[in-house]
Amino acid sequence: MKKFFVLLVAMAVIVSFVGSAAAADRTTDVYGSARLKTWYEIDDVDGDDDTDLTWEIQGNTRMGIRGSAGAVGGNAEIGLAKDGTVSVRHAYGYWAFGAGTLIVGHTWAPAVFSYSNQTWGSDADLVGYQSYSGRVGQIKLAIGGLLIGLLTMPDLNVTYMGMSAGDVDYLLPKLEAKYTLKAGPAAIEIGGGVFSASIEDGVTGGG
């Protein structure tokens, strides 16, 4: 419910600044996508095929609003799961300053590589088999084919020599970057990320 309230506030802010801009200099777009899983799943269980019908709303069903007023704009979008759970997919604002664009908020991380259009698993796109940081809080700069961002730190769960992480201290935001070089119908992408943390008060793992 808290995430849903935050999203409503973000939507209200977007509508507010778009509404205050000159009519010829603003755009507003309300959109949505209802997606349904409609397939059979066949699993091999102890040598026998187990076939089940999947017929339910997908977790990437979404609705949102985006708008712009001159060089500034924003996007707020929620996802709707089959159990009624509401999640924030996007909530960010941007400033296009000529040489590039500054983006602040919750959206796609820079080092996301998605080349698949896999439909199964709520349009899973082979996530887990390629670099995918998902949508996170960040400050991101886009200049030409370069994306570079300072991201919310990931949850760190480390076990080393029977010790699990106790107090995890992050010293800097996670840094991610990606560069895309386009050559006609083809493109080359290279990117990655790095972060640093210190772990104190390790706890011995239980037997």
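Sequence order as written defines residue numbering, which begins from 1 separately in each chain. Whole-chain, interface and lining totals are the exception, using all residues; otherwise, since this is a predicted model, local features are given only for residues with pLDDT of at least 70 and side-chain atom pairs are given and counted only at 80 or more. With hydrogens and water stripped out, all remaining heavy atoms of the structure feed into the side-chain values.

Caption draft 1: Highlighting the sheet that holds strand 7 (residues 101-108). An order of 1-4-5-6-7-8-9-13-14 is seen for the nine strands of this open sheet, with the pairing classed as antiparallel. Looking along the sheet, the strands with just one partner apiece sit at the ends: strand 1 (26-33) and strand 14 (186-194). Going across the sheet, the axis of each strand differs from the next one's by a mean of 15 degrees, ignoring polarity. The pairing criterion for strands is at least two bridges between them, as found by DSSP. Put simply, DSSP H or I for four residues or longer makes a helix, DSSP E for two residues or longer makes a strand, and each gets a number counted from the N terminus. In this structure, strand 8 (residues 135-143) lies alongside strand 9 (residues 146-151), joined through six bridges in antiparallel fashion. Each residue of the ladder has a partner; that of Ile139, found in strand 9, is Leu150. Axis geometry follows a simple rule: fit a line to the C-alpha atoms, using only the stretch in contact for helices, then measure angles between N-to-C directions, giving values from 0 to 180 degrees.

Caption draft 2: How the structure looks around a negative patch on the surface. Taken together, Asp43, Asp44, Asp46, Asp48, Asp49, Asp50 and Asp52 make up a surface patch of like negative charges. Only strand 2 (36-45) and strand 3 (48-57) provide two or more residues apiece to the negative patch. Considering every element that reaches the negative patch, the biggest residue donor is strand 3, with four residues. Within the fold, Asp44 resides in strand 2. Whether a residue is buried, partly exposed or exposed follows from its accessible area with a 1.4 Å probe, protein chains only, as a fraction of its type maximum: under 20%, in between, or over 50%, in that order. Given the relative accessible area of 59%, Asp44 is considered exposed. Exposure above 30% relative accessible area and the lack of any salt bridge qualify a residue for a patch; like charges then connect within 9 Å, and the nonpolar side chains Val, Leu, Ile, Met, Phe, Trp and Tyr within 5 Å. Here, Shrake-Rupley sampling with a 1.4 Å probe gives the accessible areas, and only protein chains in the shown set may cover a residue. Here, a salt bridge means any Lys or Arg side-chain nitrogen found within 4 Å of an Asp or Glu carboxyl oxygen. All tallies of charge rest on Lys and Arg as positive and Asp and Glu as negative; His and the ends of each chain are not included. To locate a charge, the coordinates of NZ of Lys, CZ of Arg, CG of Asp or CD of Glu are taken.

Caption draft 3: Expanded view of the pairing of strand 9. Taken together, strand 8 and the strand that follows it, strand 9, pair antiparallel across an intervening segment of two residues, in which Gly144 is found at a positive phi of about 60 degrees. Sheet topology note: the strand 9/strand 13 (residues 174-183) ladder contains six bridges and is antiparallel. Counted as the bridge partner of Leu151 is Lys174 from strand 13.

Caption draft 4: Examining the packing of aromatic side chains more closely. Here is the rule: rings of Phe, Tyr and Trp (six-membered ring for Trp) pair when centre to centre is within 6.5 Å. Planes less than 30 degrees apart are stacked, more than 60 are edge-to-face, and the remainder are tilted. A full pass over the atoms with the stated rule returns one aromatic pair. Note on Trp95 and Phe97: the rings are 5.1 Å apart at their centroids and 45 degrees apart in plane angle, and the pair reads as tilted. Taking the relative accessible area as the measure of exposure, Trp95 reaches 45% and is therefore partly exposed. Against the face of Tyr31 rests Arg66, its NZ or CZ located 4.0 Å from the ring centre. Here, a charge over a ring is recorded when the distance from Lys NZ or Arg CZ to the ring centre is within 6 Å and its angle to the ring normal is within 35 degrees. A cation over an aromatic ring shows up here: Arg135 above the ring of Trp108, its NZ or CZ 4.7 Å from the ring centre.

Caption draft 5: Expanded view of the side chain of Asn60. Mapped onto the fold, Asn60 is located in the loop between strand 3 and strand 4 (61-69). In this structure Asn60 comes out as buried when scored by relative accessible area, which is 8%. Any pair of N or O atoms that falls within 3.5 Å is considered a polar contact. Within protein, one atom must be able to donate a hydrogen and the other to accept it, and sequence-neighbouring residues count only if both atoms are side-chain atoms. Of note is the side chain of Asn60, whose polar atom sits 2.8 Å from the side chain of Gln58.

Caption draft 6: Spatial organisation of the pairing of strand 13. Both strand 13 and strand 14 contribute to a ladder of nine bridges, which runs antiparallel. The residue of strand 14 that forms the bridge with Leu175 is Val194. The hairpin turn running from strand 13 into strand 14, its antiparallel successor, is two residues long, and Gly184 in that turn takes a positive phi close to 65 degrees.

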